[in-house]
Amino acid sequence: MERENIIQDLHGQIETLTRLHIQHGLHKTEHFQTHKDSISDFINKHGIDVRSELDPVSRNLYRRYFD
């Protein structure tokens, strides 16, 4: 159950990053980069394998911003 909550939290963070970019056009701001760094730290801290643990939509969004 704990792992599911961690993955759900990551989904929410990626969706927030997407909204900052698409809806608000803030992809060139410091806040956007800070949020990306925070997501990377979260993934590393929890040892998340994004290729196998994220759902297809979140995985595609992750690849869009991080690969």
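Before reading on, note that the structure itself is shown above.
What you see is a predicted model, and the numbers here were worked out from it, not measured in a lab.

Caption draft 1: Local environment of the overall build of the protein. When you go through the protein residue by residue, the secondary structure sums to 4 helices and 0 strands. Since a compact globule built from 67 residues should have a radius of gyration of about 11 Å, the 12 Å found for the protein is in line with a globular shape. Over its C-alpha atoms, taken along the principal directions, the protein stretches across nearly 35 × 20 × 20 Å. Evaluated residue by residue, the protein yields a buried proportion of 34% over its 67 residues. Look at the contacts in the protein between residues 6 or more apart in sequence, and 63% of them connect residues 24 or more apart. Just so you have it, the protein exposes about 4,500 Å², and 48% of that area is on carbon and sulfur atoms.

Caption draft 2: Focus on helix H1 (residues 2-22). For H1, which comprises 21 residues, the first-to-last C-alpha distance of 30 Å matches the rise-based estimate of 30 Å (1.5 Å per residue) to within 8%. Those residues of H1 that sit buried are Ile6, Ile7, Leu10, His11, Gln13, Ile14, Leu17, Thr18, Leu20 and His21. On its buried side, H1 packs onto helix H2 (30-46), helix H3 (50-53) and helix H4 (56-66).

Caption draft 3: Representation of the environment of serine 38. In this fold, serine 38 is placed in helix H2. With relative accessibility at 35%, the residue serine 38 sits in the partly exposed group. On a C-alpha basis, the gap between serine 38 and glutamine 13 in space is 9.0 Å, while along the polypeptide they are 25 residues apart.

Caption draft 4: View of H2. Here H2 spans 24 Å end to end across 17 residues, near enough to the 24 Å set by a 1.5 Å rise per residue. Along H2, the positions that sit buried rather than exposed are Phe32, His35, Lys36, Ile39, Phe42 and Ile43. The arc enclosing the buried residues of H2, seen along the axis, measures out at 120 degrees, which places them on a common side. Among the exposed residues of H2, those pointing more than 90 degrees away from its buried face are Glu30, Asp41, Asn44 and Lys45. Looking at the packing, one finds that the buried side of H2 touches H1, H3 and H4. A positive phi of about 60 degrees marks glycine 47, the residue just after H2.

Basis of the calculations
Residues numbered from 1 in each chain as written. Predicted model: local features only at pLDDT ≥ 70, side-chain atom pairs only at ≥ 80, totals over all residues. Heavy atoms only, no water. Helix = DSSP H or I, 4+ residues; strand = E, 2+ residues; numbered from the N terminus. Rg over C-alpha atoms; globule rule 2.2 N^0.38 Å. Buried < 20%, exposed > 50% of the residue type's maximum accessible area, 1.4 Å probe, protein only. Contact = heavy atoms within 4.5 Å. Areas by Shrake-Rupley, 256 points an atom, 1.4 Å probe, with all protein chains shown as cover. Expected span 1.5 Å × (residues − 1). Arc of directions from axis to C-beta.

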